[in-house]
Amino acid sequence: RDFCRCADEFLGRHGILRGRSGPPGVYYMDRAVYPEASRRSASIAIFCHAGTAMTLLSHLLGLPLPDAYSSLWLAPSSVTTVLFDEHNPPGSLCDGGQGEEGYVTVTPRALCVGGTGHLFAAGIDSADSKYEGWKRPSGVKCNYR
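Residues numbered from 1 in each chain as written. Predicted model: local features only at pLDDT ≥ 70, side-chain atom pairs only at ≥ 80, totals over all residues. Heavy atoms only, no water.

## Looking at helix 1 (residues 2–13)
- With 12 residues, helix 1 extends 16 Å from end C-alpha to end C-alpha; this agrees with the ideal 16 Å at 1.5 Å per step.
- Turning to helix 1, its buried residues are Ala7, Asp8 and Leu11. Each buried residue of helix 1 lies within a common arc of 95 degrees when the element is viewed along its axis, so the set occupies one face. With respect to the buried face of helix 1, the exposed residues turned more than 90 degrees away are Asp2 and Arg13.
- Among the structural elements, strand 1 (17–18), strand 2 (27–30), helix 3 (50–61) and strand 3 (79–86) are those in contact with the buried residues of helix 1.
- Downstream of helix 1 by one or two residues, Gly15 has phi in the positive range, about 90 degrees. (Helix = DSSP H or I, 4+ residues; strand = E, 2+ residues; numbered from the N terminus. Expected span 1.5 Å × (residues − 1). Buried < 20%, exposed > 50% of the residue type's maximum accessible area, 1.4 Å probe, protein only. Arc of directions from axis to C-beta. Contact = heavy atoms within 4.5 Å.)

Right under this line is the structure:
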């Protein structure tokens, strides 16, 4: 719970506010503070361990934490991209769920999870496990051949 609260506080400092009610994974941005041009050009980069990334993805996407840990695999040095997709642009009939026209609804969408294209483009192979006698990506435990 502390992790989720701190993650929401971090996003809040960047103008992404978690809804107080409604479905998980729904956030809002104040149109007056963050006009469309600044919302569309804003980026946040987080560099962290795979466990932290999976916990954050679980929280942002509304996935049960055990499912995120058992279903996602993040390669060492991989990149995960999450877009906060805007649902009710100015002039729409939606009010952002906050009862005020000044908020825009943004929903986190995972565009890429554990991508290693940047490593491939640089000619760097994925890290193979050094603990077994056969080659497999580090972190994958079995059933990989």
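## Remarks on helix 3
- If you check helix 3, its first and last C-alpha atoms are 16 Å apart, about what 12 residues at 1.5 Å a residue would give, namely 16 Å.
- With nine of 12 residues buried, helix 3 lies mostly within the body of the structure.
- For helix 3, every residue scored as buried is listed here: Gly51, Ala53, Met54, Thr55, Leu56, Leu57, Ser58, His59 and Leu60.

## Overview of the sheet that holds strand 4 (residues 103–115)
- Taken in spatial order, the four strands line up as 1-2-4-3 in an open sheet, and their pairing is antiparallel. The outermost strands of the open sheet, each flanked by one partner alone, are strand 1 and strand 3.
- Pairing of strand 1 with strand 2, which is carried by two bridges, proceeds in the antiparallel orientation. Paired with Leu17 across the two strands is Tyr28, which belongs to strand 2.
- Strand contacts of helix 3: strand 1, strand 2, strand 3 and strand 4, with the helix running at about 145 degrees to strand 4, the strand carrying the most contacts. (Pairing = 2+ DSSP bridges. Axes fitted to C-alpha atoms, helices over the stretch in contact; angles between N-to-C directions.)

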